[in-house]
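An overview of the molecular structure
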Amino acid sequence: MTNNNMIFIANWKMNGEKSHISGINKTIKFLKQSKNKKNQIIYCPPFTLISSVKNKVKNTKIKVGAQNLSQLNDYGAFTGSVNSKLIKSAGGDYVIVGHSEIRNQENDILINKKIHSALKEKLKVILCIGETYKEKKNNKTLSVLKTQITIALKNIKKINNIIFAYEPRWAIGTGKIPKSSELRKNFKDINNIINKLKKNQKYKIIYGGSVNSKNVLELKKINDLKGFLIGSASLRAKNFIDIIKKSTN
Ligand code: 13P
């Protein structure tokens, strides 16, 4: 099966020097040569690099996103905070919300406020959901996902600008990924939860957590999986491109 309508998100986390930006040239070159024109590539560098990355990709269909945002809509005296308006004006098209690496400092209600704020400014949202290892071991995955999704989507009417990123917290940066059977079940559960809350709406679910150019061959077999949120393997253009090539061939 050829997948040609997938999303590939590079989450650079707290990395990003000049060498990383020039690496995007390789992705641009790859895209030009690729027959596959429907895939969506999104770079999420640190805030400091959003406008430089935007400038780099300006004549391409590559999009740029931030890794987090303040829930506050208006400008003001909030030292160190960056809100949706600032992201938008720096050239951001997307924003990651509820990333597992920050979820222990945030709760679901705050995540819901952030989503409202992002959508109000017409930023698209990459909403991270997923269980910890302890929750998985205690068979709590379904109830965790249900709570995370239900509260995140409170009073959100349309979800067509939300990408759901299933990122089991225990799979991030560990080299471990869920078994195919677990992933199938969790994707089915996520679909059921979303469909119950928001009937007949279009959305996409992607996977994140230790994705690399080897395990992607297994991961891409999961039905309903429409792309990847990639951390460390997105820092080198070659690895990132390898993942895209292998998932779409
Ligand atoms: P790794 O790919 O490094 O495990 O990180 C995944 C992630 O957190 C992407 O948001």
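Coordinates for the structure precede this section.
Nothing here was measured: the structure is a model prediction, and the numbers come from that model.

About the cut-offs
- Residues numbered from 1 in each chain as written.
- Predicted model: local features only at pLDDT ≥ 70, side-chain atom pairs only at ≥ 80, totals over all residues.
- Heavy atoms only, no water.
- Pairing = 2+ DSSP bridges.
- Helix = DSSP H or I, 4+ residues; strand = E, 2+ residues; numbered from the N terminus.
- Axes fitted to C-alpha atoms, helices over the stretch in contact; angles between N-to-C directions.
- Contact = heavy atoms within 4.5 Å.
- Parallel < 35°, antiparallel > 145°, perpendicular 65-115°, else oblique.
- Left-handed = near helix turned anticlockwise from the far one by under 90°.
- Nonpolar A, V, L, I, M, F, W, Y, C, P; charged D, E, K, R; others polar.

Some points on the sheet that holds strand 4 (residues 94-97)
- If you trace the eight strands once around the closed barrel, you get 1-2-3-4-5-6-7-8, paired in parallel fashion. Each strand of the sheet is rotated relative to its neighbour by a mean of 25°, with strand direction disregarded.
- Pairing analysis gives three bridges linking strand 7 (residues 204-208) to strand 8 (residues 225-230), with the strands arranged parallel. Bridging from a neighbouring strand, Ile205 pairs with Leu225 of strand 8.
- Contacts from helix 8 (residues 180-197) reach strand 5 (124-129), strand 6 (162-166), strand 7 and strand 8 within the one sheet, and its direction differs from that of strand 7 by about 145°.

Regarding the environment of Lys18
- Tracing the chain through its elements places Lys18 in helix 1 (residues 18-33).
- In this structure, the C-alpha to C-alpha distance between Lys18 and Phe78, residues 60 residues apart in sequence, is 29 Å.

Points about the packing of helix 5 (residues 108-120) against helix 7 (residues 141-152)
- For the pair helix 5 and helix 7, the least separation of the axes is 8 Å and the interaxial angle reads 40°. By the angle between their directions, the pair helix 5 and helix 7 is classed as oblique. Remark: the crossing between helix 5 and helix 7 carries right-handed chirality. Contact residues: Asp108, Ile109, Ile111, Asn112 and Ile115 in helix 5; Thr147, Gln148, Ile151 and Ala152 in helix 7.
- For the contact of helix 5 with helix 7, the per-class residue count stands at five nonpolar, three polar and one charged.

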